[in-house]
Amino acid sequence: MPTITYERCAPTDEGARAASRGSSVVAPQDTGELSAFQVVLYRPEIPQNTGNIARTCAATATPLHLVEPLGFRLEDRYLKRAGLDYWPSVTMRVHRDLESLRRALAPSRYVYFSTHAEQSFFDFQFEAGDCLVFGSETSGLPSSVLREAEGTMVKIPIDRTRVRSLNLATTVGVALFEAIRQFTVRRRSLLPRFPVDG
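Note that the structure is a prediction, hence the values are computed from the model and not measured. (Residues numbered from 1 in each chain as written. Predicted model: local features only at pLDDT ≥ 70, side-chain atom pairs only at ≥ 80, totals over all residues. Heavy atoms only, no water.)

Enquirer: Explain the layout of surface pockets here, please?
Expert: Where empty space is left can be seen by rolling a probe of water-molecule size over the atoms. A volume near 510 Å³ is recorded for the largest pocket. Lining the largest pocket are 22 residues, with Thr115, Ser136, Gly140, Ser165 and Leu166 positioned closest to its centre. If you list the elements that add at least two residues to the lining of the largest pocket, you get β9 (153-155) and α6 (168-189). Considering only residue class, the lining of the largest pocket consists of eight nonpolar, 11 polar and three charged. (1 Å grid on protein atoms, 1.4 Å probe; cavity = no way out; pocket = protein on both sides within 12 Å on 5 of 7 lines; lining within 4 Å. Points joined across faces, edges and corners; volume = space filled by probe spheres on them. Helix = DSSP H or I, 4+ residues; strand = E, 2+ residues; numbered from the N terminus. Nonpolar A, V, L, I, M, F, W, Y, C, P; charged D, E, K, R; others polar.)

Take a look at the structure:
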C-alpha cells in the first residue's frame, strides 16, 4: 500500500501537534491487507468510545474516519488511554464535515446505522468498500442525513423494553464484524473446490 497523508491522524504526541497546526501527518505503516470496509463516526462526543473503536479498527485493519466537530481534542488522555498502545496501527482521518468526507471517499457506498431504521443489519448485504456510518452518542445521525439513506439504513435489533440503545463502541464492533463475516463467507464460497482424495 502506498504512503498516504492525512489532514489529521492518530493521537500520538507528534500527530496531535501536527493536527493542531493543520499539517499533514503520514499514516501508520501498513503491515498487511486493509479491511474491505471503513468506519465513519459522525461528531463523536466521548473520547473513550472513539479510543475503543480505534482499537477495534486496528485489530481489523479498518480505516477510521471522524467527522467534525468532535466532542474532544485528539490529544485527550482518555482517548489515548482507551486506544492503549495500538495507535501506530490505526489509520485515522478527521474530516471537517460530511461533504469533505464524501469527496475523500467517493464513490463509496454509505451504510447508516440508526435506531430509526426498519431493516435489520442481519438482512442487509454488505459489500466491499462500504463505509459504515455511526452517529454521535447522544443525538445519533441527523434526519437530513437519514433522508438520503434510502435502502442503506439499518439497525442492530435489541430488546428496547430493556435498554434504549447500545454503547457506540459496542455497536461499531458488532456491525463491523458482521460486515466482515458476510464478506468472508462470500469470498470463501467463490474459491475453487477440489475433490478430496479417498
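Enquirer: When you look at the nonpolar core in this model, what are you seeing that I'm missing?
Expert: Nonpolar side chains tend toward joint burial in soluble globular proteins. Counting 31 residues, the largest nonpolar core has Val39, Ile53, Leu64, Phe113, Phe126 and Phe134 as the members making the most contacts within it. Mapped by element, the contributors of at least two residues to this core are β3 (38-42), α2 (47-60), β4 (64-67), β5 (92-95), β6 (110-113), β8 (131-134) and α6. The residues contacting valine 39, other than those within four sequence positions of it, are Ile53, Cys57, Thr62, Pro63, Leu64, His65, Leu132, Phe134, Val172 and Leu176. (Core = buried A, V, L, I, M, F, W, Y, C linked by side-chain atoms within 4.5 Å. Buried < 20%, exposed > 50% of the residue type's maximum accessible area, 1.4 Å probe, protein only. Contact = heavy atoms within 4.5 Å.)

Enquirer: Help me understand the pattern of salt bridges in this model?
Expert: Side chains carrying opposite charge are able to pair once their charged atoms draw close together. Scanning all chains against the criterion turns up six salt bridges. Glutamate 127 is the salt-bridge partner of arginine 109, the closest N and O atoms lying 3.8 Å from each other. Taken together, the residues arginine 109 in the loop between α4 (98-105) and β6 and glutamate 127 in the loop between β7 (119-120) and β8 connect sequence positions 18 residues apart. On the accessibility criterion, glutamate 127 (40% relative accessible area) is partly exposed. Aspartate 130 is paired through a salt bridge with arginine 109; the nearest N and O atoms lie 2.7 Å apart. Taken together, the residues aspartate 130 in the loop between β7 and β8 and arginine 109 in the loop between α4 and β6 connect sequence positions 21 residues apart. (Salt bridge = Lys/Arg side-chain N within 4 Å of Asp/Glu carboxyl O.)

Enquirer: Could you clarify how one ought to interpret the sheet that holds β9 in this entry?
Expert: Where strands meet in a sheet, backbone hydrogen bonds hold them as pairs that are either parallel or antiparallel. With parallel pairing, seven strands are arranged side by side in an open sheet as β5-β4-β3-β8-β6-β9-β7. Edge positions in the open sheet fall to β5 and β7, since each of these has one partner strand only. Alignment of β3 against β8, held across four bridges, turns out to be parallel. Its bridge partner being in β8, leucine 41 is matched across the sheet by phenylalanine 134. Together, β3, β6 and β8 form the strand contacts of α6, whose direction differs from that of β8 by roughly 160°. (Pairing = 2+ DSSP bridges. Axes fitted to C-alpha atoms, helices over the stretch in contact; angles between N-to-C directions.)

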